[in-house]
Amino acid sequence: MSADPVIHALIPAAGRGHRFGDALLKQYVPLAGRPVLAHSIAAVWELPQLSGVTVVLSPEDEQFQELIAPLFPGVRTAIGGDTRARSVLNGLLAIKDSDPAADWVLVHDAARPCLPADCLRRLVKQGLGGEDGALLAVPLRDTLKRDDGAGNSSRTLERSGLWAAQTPQLFLIRRLIDALRQCFSENFEPTDEAAAMELVGARPKLVMGSSANLKITYPDDVHPVENWLREKHRKPSG
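Just so you know, these numbers come straight off a predicted model, no measurement behind them.

As for the layout of surface pockets
Here's step 1: Empty space within the second largest pocket amounts to approximately 460 Å³.
Here's step 2: Around the second largest pocket, the lining comprises 21 residues; the ones closest to its centre are Ala42, Ala43, Leu115, Ala117 and Lys232.
Here's step 3: Where the lining of the second largest pocket is concerned, the elements lending two or more residues are helix H1 (36-45), helix H4 (117-127) and helix H7 (222-234).
Here's step 4: Among the elements that line the lining of the second largest pocket, the one with the most residues is H4, at 6 residues.
Here's step 5: Looking at the lining of the second largest pocket, its residues break down into 12 nonpolar, 3 polar and 6 charged.

Overview of helix H5 (residues 173-185)
Here's step 1: End to end, H5 covers 18 Å across 13 residues, agreeing with the expected 18 Å (1.5 Å per residue, within 8%).
Here's step 2: In this structure, the buried side of H5 is in contact with helix H3 (84-98), strand E6 (104-107), strand E10 (163-172) and helix H6 (193-199).
Here's step 3: Where H5 terminates, the next one or two residues include Asn187, which has phi positive at roughly 55°.

What counts and how
- Residues numbered from 1 in each chain as written.
- Predicted model: local features only at pLDDT ≥ 70, side-chain atom pairs only at ≥ 80, totals over all residues.
- Heavy atoms only, no water.
- 1 Å grid on protein atoms, 1.4 Å probe; cavity = no way out; pocket = protein on both sides within 12 Å on 5 of 7 lines; lining within 4 Å.
- Points joined across faces, edges and corners; volume = space filled by probe spheres on them.
- Helix = DSSP H or I, 4+ residues; strand = E, 2+ residues; numbered from the N terminus.
- Nonpolar A, V, L, I, M, F, W, Y, C, P; charged D, E, K, R; others polar.
- Expected span 1.5 Å × (residues − 1).
- Contact = heavy atoms within 4.5 Å.

In structure tokens form, the structure reads like this:
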């Protein structure tokens, strides 16, 4: 591994947000004075090892240039695929071309704007310690129920040892590219980057995340996220 790791952040934002159910894509919903995506970019922007940020967009995206590009003129873009995993692969290949010095990629959700700075620092410090990479995650606290297919609880699941995955997730670019390609060759569609790495035998490190690292999935998620962002910006810096 490089003695001085170079990290490029990749933010897949090519999804259509069907679960969100709003005419405006969730990554562009205004929160605390800025679009959601702007907060997510800003959360990784100050990382000292960061060499660049690439955002993966839908071919039909008409809002990035208007709403995001003026705020972050150095951000690069790439065109996404028909799933998150394929969008991530497209972004990784774009990074290899545009930023060949980068050896690590930090993949972060476009709709996860509340990333605490201490979580990011902890992830990078621990993740760079091994070639299998790392991801933020939190141990599950709630009792888990299995749906019987008709909306009824049929079984209680053991939650011991289970974690809820978050982002960012940190991996060597070359290894993640190889892992995603193998997933596709085996007709497996990973729902996050760690799942792709696990398929090829890697054991990414689970790094303690935070309940504050909220993701916007449904309309009801908007208010707690906005409250967190407003509280963050209300606090004096330093």
